[in-house]
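Fold and contact review
Below, each chain spelled out in residue letters.
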Amino acid sequence: MKLLWICGLPNVVRLTATQRVLSETPTAAWSWILGHLPPPTDVELHIVCPVGGLIESRVDFDYGGAHWHCFRRERFELFFLWRRFARKISSFVHKLAPDVIHGWGGETGCGLVATYLTKKAVVSVQGLLLLFWELLKRKDERRRISFRTRIMWLCEKATYRRANILLVESRASQAGLKRCYGHDGIIIPHPLRREFLEIDLACRVSLIAAPIRFVYLGSLTERKGAVDAIKAFAMLSRKDAKLIMIGDGEDKVAIEKIILQERLLNRVIVRGTISADKIAQEFLEAQFFLLPSYGDTGPTALKEALSSGLYPICYKNSGPEDIITHYGCGDLVSTGDVVALSETMNRCVSAVPDCVRHSLSKASDVRFELSPNGIWVQLKTIYAKQETA
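A brief structural summary. Because the structure is predicted, anything quoted here is derived from the model rather than measured.

**Here we look at the layout of surface pockets**
The calculated volume of the second largest pocket comes to roughly 230 Å³. Along its surface, the second largest pocket is lined by E169, S170, R171, I187, P189, K303, D322, I323, H326, Y327, E369 and L370. No other element matches the four residues that helix α13 (residues 318-327) contributes to the lining of the second largest pocket. For the lining of the second largest pocket, the per-class residue count stands at five nonpolar, two polar and five charged.

Following this line, the structure appears as structure tokens:
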């Protein structure tokens, strides 16, 4: 089976796949793409990536068992709703002659490109902007939506309308797709990356008596609740606890200001964007995972934390509620209630042995369900139907 995926260039691939950094512009982790690698032996996987600031007009290489084809994306192509980029790669795709074309993401433009290249496009729903706006509007009625974000919504809406099959990663994403866009989606979860499958769970028992550590992993933005996380941590009664914040974003300045105001310099470490193996190392040293997001279709970070034996604390909505309820591990707090979030963190800190043992008992279940091999079996079933359609 010859597959063509169209997706963003994962940051680690941008940095390490070739002798030169492929672009000076940082990209997202796209962790679910890397979680699928390497593909099964009966799959020839090609991945096309539109890359802003690519060092050449086109760069081809092999990485992680897949064949990568990066094409330079011009800044204005988003505003043409990706038609120009689709025309740019159409000759390459025609010669490649893949059995199935799968675009990853609606708001990213990658899914829309796939629908321009074939009428049988499979598209993975990575974002649901209408759902996110709805959740954030409850927090701030004066919220203004940028022009660029509105263009991304038009892109997303067109993508989901044109796709032949839509894949979603959770029940929350499935429900949001139906309610906000009127389309049905098939649930296929994102698999775990190798770095998190290889974490030794047995050694985590020692964390029962170790210093208290929370890990926040996500973009430092309002939707992910980054500021809420630092505010709740500042109210924690245990002044020897530490918080590791992994990620970057527009709320970084506000977070640094709170760190100074609350005298948290020795207790909060902002790591920025780091590699998967370094994230895994941070997970190894922490008991708790903190992600008070206002809306998520996944999130993959929560699944990886659960598979690593961390005990999660999240706001009660969308993807996080789905995942924590499904695996029966973690605490959910009323969305936006920072005081209640801090109180829950205090309660968990006072019951570290129970939290550690419970999270360890669930980690193997997460690994079993989200193993790459199992997810590939589900994907290939979908692809086979497209081949014979």
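**So, the environment of V51**
Topologically, V51 is positioned in strand β2 (residues 44-52). Separated by 302 residues in sequence, V51 and P353 have C-alpha atoms that sit 46 Å apart.

**A word on helix α4 (residues 110-117)**
Counting buried positions along α4 gives six out of eight residues, so the element sits mostly inside the fold. Within the sequence span of α4, burial applies to C110, G111, L112, V113, A114 and T115.

**Let's talk about the pattern of salt bridges**
As enumerated under the stated definition, the model contains 15 salt bridges in all. Ionic pairing is found between R171 and D322, a salt bridge with its closest N-O pair at 3.7 Å. One end of the pair, R171, is in helix α7 (residues 171-181); the other, D322, is in helix α13, and 151 residues separate them in sequence. Taking the relative accessible area as the measure of exposure, D322 reaches 15% and is therefore buried. Three or more residues joined by partner-sharing salt bridges are found here, namely R213, R271, E282 and E285.

**A look at the environment of T108**
Structurally, T108 can be placed in the loop between β5 (100-104) and α4. T108 sits 143 residues away from D251 along the chain, and the two C-alpha atoms are 22 Å apart. Excluding residues that lie within four positions of it along the chain, T108 makes contacts with W30 and W82. Side-chain polar atoms of T108 contact the backbone oxygen of W104, separated by 3.2 Å.

**Focus: the nonpolar core**
F214, M245 and F283 are the most contacted members of the largest nonpolar core, which has 65 residues in total. Of all the elements, helix α9 (residues 226-234) adds the most residues to this core, at seven residues. Of all hydrophobic cores here, the second largest spans 35 residues; its members include I6, L78, V113 and A121.

About the criteria used
Residues numbered from 1 in each chain as written. Predicted model: local features only at pLDDT ≥ 70, side-chain atom pairs only at ≥ 80, totals over all residues. Heavy atoms only, no water. 1 Å grid on protein atoms, 1.4 Å probe; cavity = no way out; pocket = protein on both sides within 12 Å on 5 of 7 lines; lining within 4 Å. Points joined across faces, edges and corners; volume = space filled by probe spheres on them. Helix = DSSP H or I, 4+ residues; strand = E, 2+ residues; numbered from the N terminus. Nonpolar A, V, L, I, M, F, W, Y, C, P; charged D, E, K, R; others polar. Buried < 20%, exposed > 50% of the residue type's maximum accessible area, 1.4 Å probe, protein only. Salt bridge = Lys/Arg side-chain N within 4 Å of Asp/Glu carboxyl O. Contact = heavy atoms within 4.5 Å. Polar contact = N/O pair within 3.5 Å; in protein donor to acceptor, adjacent residues only side chain to side chain. Core = buried A, V, L, I, M, F, W, Y, C linked by side-chain atoms within 4.5 Å.

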